[in-house]
Amino acid sequence: MISFANAKINLGLSITEKRPDGYHNIETIFYPVQLYDVLEYNEAPEFSFEAYGIDIPDGGDNLCTKAYDLLKKDFPNIPTLSIKLLKNIPVGAGLGGGSSDAAFVLKGLNVLRKLNLTSEQLKSYANRLGADCAFFIENKPLFAEGIGTKFSEVKVDLSQYFIVIVKPEIHISTAEAYSNITPQIPKVDLKRAIQLPIQEWKYYISNDFEIGIFDKHPIIQQVKNLLYEKGALYASMSGSGSAVYGIFEEKINLDDLSHLGKIYYPTEI
Ligand SMILES: C[C@](O)(CO)[C@H](O)COP(=O)(O)OP(=O)(O)OC[C@H]1O[C@@H](n2ccc(N)nc2=O)[C@H](O)[C@@H]1O
Ligand SMILES: Nc1ncnc2c1ncn2[C@@H]1O[C@H](COP(=O)(O)OP(=O)(O)OP(=O)(O)O)[C@@H](O)[C@H]1O
């Protein structure tokens, strides 16, 4: 069995409160983008995990292995698997690649072994693997609050636009990014602001991680500015960075920015 685990971008992100458990309450809109890792599962005499493509930690540290172990504990009869991951989604990018891999392993095993877990049950397993993980269970545009795992519907459709992602060669640790933030009450109601014409988003919709990260890594701000100069209707860093996306009205080639980072053009497969 093969699954394609896509990335996400955040449309707006406010960090509203530090919680006693060390996590932060946030408000954001998750939006799936068509940039994929590929997962292949085969039954095998022994469990194995192999990763190809972009370098990531393997062994027990990998979120795919963690997702498998989690289900295996509750469903000892699931077969031993060999999991192969072709890693394309950049890491430390704010694109949720590791979380997506984990969610797709949960969903894959659910189908493969006919476990009949509901979406809610899958989300509760996902929540044990990381805050971004549960979004990838439903994998559709969603407003999220709490630590990013309490969802509600939001109407936003970017299918008529072209999204380009630039990933500077900077790896950002999510935990470190959160530790440098002073939470604040959001100035804007994100769910309402997202209903404005996209040309107006730049005046109202922002990502609280940007200021601190731009201070530390001015090149990321430069990328954002250049995306606007190239005609982006909206541009923002995704999650805790370092990837920056631009939303364009028309197909655009930004390969001339490749000295600033790797350029991705998410597409349907
Ligand atoms: C920045 C975002 O990508 C926005 O979607 C997410 O909030 C991050 O989600 P994630 O990478 O799945 O995060 P996790 O792997 O659960 O947590 C990594 C670390 O980030 C911090 N963390 C994460 C999520 C959150 N709401 N508050 C936090 O303070 C915690 O220090 C945690 O130890
Ligand atoms: N399958 C995996 N793919 C990518 N990273 C993984 C995976 N498994 C474990 N990791 C670890 O998780 C860390 C975060 O990876 P990930 O790509 O999810 O983060 P990110 O780009 O910061 O996205 P976000 O903060 O939005 O979740 C990596 O630095 C790596 O150490």
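Residues numbered from 1 in each chain as written. Chains lettered and ligands numbered in written order. Predicted model: local features only at pLDDT ≥ 70, side-chain atom pairs only at ≥ 80, totals over all residues. Heavy atoms only, no water.

Here the focus is the UniProt feature "binding site: ATP" (unreviewed entry) in the protein. Following the UniProt record, the feature "binding site: ATP" (unreviewed entry) maps to Pro90, Val91, Gly92, Ala93, Gly94, Leu95, Gly96, Gly97, Gly98, Ser99 and Ser100 here. Considering only the annotated residues already named, the ones lining the largest pocket are Pro90, Val91, Gly92, Ala93, Gly94, Leu95, Gly96, Gly97, Gly98 and Ser99. Ala93 has contacts with Lys167, Ser238, Gly241, Ser242 and Ala243, leaving out every residue within four places of it along the chain. The exposure class of Gly94 is buried, given its relative accessible area of 15%. Excluding residues that lie within four positions of it along the chain, Gly94 makes contacts with Lys8, Asn10, Ser238, Gly239, Ser240, Gly241 and Ser242. (UniProt positions renumbered as here; feature names shortened; annotations may be inferred. 1 Å grid on protein atoms, 1.4 Å probe; cavity = no way out; pocket = protein on both sides within 12 Å on 5 of 7 lines; lining within 4 Å. Contact = heavy atoms within 4.5 Å. Buried < 20%, exposed > 50% of the residue type's maximum accessible area, 1.4 Å probe, protein only.)

Pairing is antiparallel across the open sheet formed by four strands, whose spatial order is E8-E9-E7-E10. This sheet does not close on itself; its edge strands, each paired only once, are strand E8 (234-237) and strand E10 (262-264). Within this sheet the neighbouring strands show an average axis-to-axis angle of 20°, counted without direction. As paired elements, E8 and strand E9 (residues 244-248) share four bridges and run antiparallel to each other. Bridging across to E9, Ser236 finds its partner in Tyr245. Running at roughly 5° to E9, helix H9 (residues 218-229) makes contact with strand E7 (162-167), E8 and E9 of the sheet. (Pairing = 2+ DSSP bridges. Helix = DSSP H or I, 4+ residues; strand = E, 2+ residues; numbered from the N terminus. Axes fitted to C-alpha atoms, helices over the stretch in contact; angles between N-to-C directions.)

The local shell around ligand 2 holds 22 residues, among which Ala93, Gly94, Gly98, Asp132 and Thr174 are the closest. A distance of 2.9 Å separates an oxygen atom of ligand 2 from a polar atom in the backbone of Gly98. In the model, a nitrogen atom of ligand 2 is placed 2.9 Å from a nitrogen or oxygen of the Asp101 side chain. For ligand 2, whose unbound accessible area comes to 610 Å², protein coverage reaches 83%. Assessed atom by atom at 2 Å from the grid points, ligand 2 resides in the largest pocket. Every element with two or more residues in the shell around ligand 2 is listed here: strand E4 (81-87) and helix H2 (97-112). At four residues, the largest contribution of residues to the shell around ligand 2 is made by H2. Residue composition of the shell around ligand 2, by class: seven nonpolar, 10 polar and five charged. Per-domain counts for the shell around ligand 2 show at least three residues from each of domain 1 (2-153) and domain 2 (162-264). (Near = heavy atom within 4 Å. Polar contact = N/O pair within 3.5 Å; in protein donor to acceptor, adjacent residues only side chain to side chain. Areas by Shrake-Rupley, 256 points an atom, 1.4 Å probe, with all protein chains shown as cover. Sits in = over half its atoms within 2 Å of the grid points. Nonpolar A, V, L, I, M, F, W, Y, C, P; charged D, E, K, R; others polar. Domains from an automatic or database assignment.)

Domain annotation for the protein reports domain 1 (2-153) and domain 2 (162-264). Taking the mean C-alpha position of each, domain 1 and domain 2 sit 23 Å from one another. With 29 residues of domain 1 at the contact, the number on the domain 2 side is 31 residues. Summed over both partners, the interface of domain 1 with domain 2 comes to about 2300 Å²; 68% of that surface belongs to carbon and sulfur atoms. Remark: the boundary between domain 1 and domain 2 carries zero salt bridges. Applying the counting criterion to the domain 1 and domain 2 interface returns 14 residue pairs in polar contact (both at pLDDT 80 or more). Of the residues forming the side of domain 1 that touches domain 2, the biggest block, 11 residues, is contributed by strand E1 (residues 2-18). Among the residues forming the side of domain 1 that touches domain 2, the class breakdown is 14 nonpolar, 10 polar and five charged. (Buried area = accessible area lost by both parts, 1.4 Å probe. Salt bridge = Lys/Arg side-chain N within 4 Å of Asp/Glu carboxyl O.)

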